[in-house]
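Fold and contact review
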Amino acid sequence: SGAVKASKTHRMQIIGSDISGNTSHGVWWDQSNYDALLANSRLIHNRDSGVFYEISHGLTMVNNVVVAPNSTNSTPAVRLAGSSDSRLVNNTIVGSQTPLTIAGDTRSKTYGSGRLCSEHPQRYRQSGSISADCPPGLSSDLDQARAGAYGSPNLTPKLTWRPSIT
């Protein structure tokens, strides 16, 4: 669902693009994407969010125009959900009742002894049930392709599922 939909990418770039008039999201980075760049692009009048960055890390948006379909639409033009280390520089974001939404969900919480749901043992193919510990946690939410990424400076940066903008 999206003109461009990506999952588990590393350093994906969309530059100088026009992604407009789609019946869903313009660009949807859906879980475990790292260091994405969206630059010098136009995302105009997509039915859902023009940019949706979900449970991922390190989005940089620079010099973009993002316009929601109309001012009465409740869908944000840009939605950052459970994504850490987002950087927004010199963008024009207009339309919708809430043009920009930065949010967490139940996956952004801790469980048990204060451990992050994003670091659930199931991510490392160990015992436990993310769906029981972190509802609505799904095993598909966990990026098992980069096992050991958390806490290791030599691998992909931390993905905490906790919203932050730098």
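For the structure given in this document, a descriptive report is provided here. (Residues numbered from 1 in each chain as written. Predicted model: local features only at pLDDT ≥ 70, side-chain atom pairs only at ≥ 80, totals over all residues. Heavy atoms only, no water.)

Thoughts on the overall build of the protein
The line we're drawing: Labels follow the DSSP assignment, with helices taken as runs of H or I lasting at least four residues and strands as runs of E lasting at least two, numbered in each case from the N terminus. Each residue's exposure class comes from its accessible area (1.4 Å probe, protein chains only) as a fraction of the maximum for that residue type: buried when under 20%, exposed when over 50%, partly exposed otherwise. When checking whether two residues touch, look at their non-hydrogen atoms; a contact exists if any pair is within 4.5 Å. In these tables, accessible area is a Shrake-Rupley quantity obtained with a 1.4 Å probe, and a residue counts as shielded only by the protein chains included in the view.
Assigned secondary structure in the protein consists of one helix and 14 strands. Expressed as a percentage of its 166 residues, the buried residues of the protein come to 46%. Of all intrachain contacts in the protein linking residues separated by at least 6 positions in sequence, the fraction that spans at least 24 positions is 55%. Working note: accessible area of the protein is about 7400 Å², and carbon and sulfur atoms make up 49% of it.

Brief notes about the sheet that holds strand β8 (residues 65-67)
Quick note on the threshold: Paired strands, in this sense, are two strands between which DSSP finds at least two bridges. Every angle, taken between N-to-C directions, lies between 0 and 180 degrees, and every axis is a line fitted to C-alpha atoms, over only the stretch in contact when it is a helix.
Across the sheet, three strands lie side by side as β5-β8-β11; this open sheet has parallel pairing. The two strands at the open ends of the sheet, each matched to only one other strand, are β5 (42-44) and β11 (92-94). Within this sheet the neighbouring strands show an average axis-to-axis angle of 5 degrees, counted without direction. Both β8 and β11 contribute to a ladder of three bridges, which runs parallel. Counterpart to Val65 in the pairing with β11 is Thr92.

Points about the pairing of strand β9 (residues 78-81)
Here strand β6 (residues 51-54) pairs with β9 via four bridges, running parallel. Across the sheet, Glu54 pairs through a bridge with Ala81, a residue of β9. Across four bridges, the pairing between β9 and strand β12 (residues 100-103) is parallel. Its bridge partner being in β12, Val78 is matched across the sheet by Leu100.

Some details on the nonpolar core
Definition in use: In this text, buried Ala, Val, Leu, Ile, Met, Phe, Trp, Tyr and Cys residues form a nonpolar core when linked through side-chain atoms within 4.5 Å.
Counting residues in hydrophobic clusters, the biggest one holds 18 residues, and the most contacted among them are Trp29, Val51 and Leu59. For this core, the secondary structure elements donating two or more residues are β3 (27-30), β6 and β9. If we skip the residues at most four places from it in the chain, Leu59 touches Trp29, Ala36, Val51, Tyr53, Leu80, Asp85, Ser86 and Arg87. Judged by nonpolar contacts, the second largest core, of nine residues, contains Ile130, Cys134, Leu142 and Leu159.

Comments concerning the packing of aromatic side chains
What counts here: Side-chain rings of Phe, Tyr and Trp, where Trp is taken by its six-membered ring, are said to pair if the distance between their centres is within 6.5 Å; with planes under 30 degrees apart they count as stacked, over 60 as edge-to-face, and otherwise as tilted. Counting as a charge over the ring demands two things of the Lys NZ or Arg CZ atom: a distance within 6 Å of the ring centre and an angle within 35 degrees of the ring normal.
Under the counting rule described, the total for this entry stands at two aromatic pairs. Judged by centre distance (5.4 Å) and plane angle (10 degrees), the rings of Trp28 and Phe52 are stacked. Of this pair, Trp28 sits in strand β3 while Phe52 sits in strand β6, and the two are 24 residues apart along the sequence. For Trp28, a relative accessible area of 13% puts it in the buried group. Ring geometry for Trp29 versus Tyr53: centroids 5.5 Å apart, planes at 75 degrees, classification edge-to-face. In this pair, Trp29 is assigned in strand β3 and Tyr53 in strand β6, connecting sequence segments 24 residues apart. Comparing Trp29 with Tyr53 shows no difference in burial state: the two are buried. Sitting over the face of the ring of Trp28, Lys5 holds its NZ or CZ atom 4.1 Å from the ring centroid. Across from the ring centre of Phe52, 4.0 Å away, lies the NZ or CZ of Arg79, which sits over that ring.

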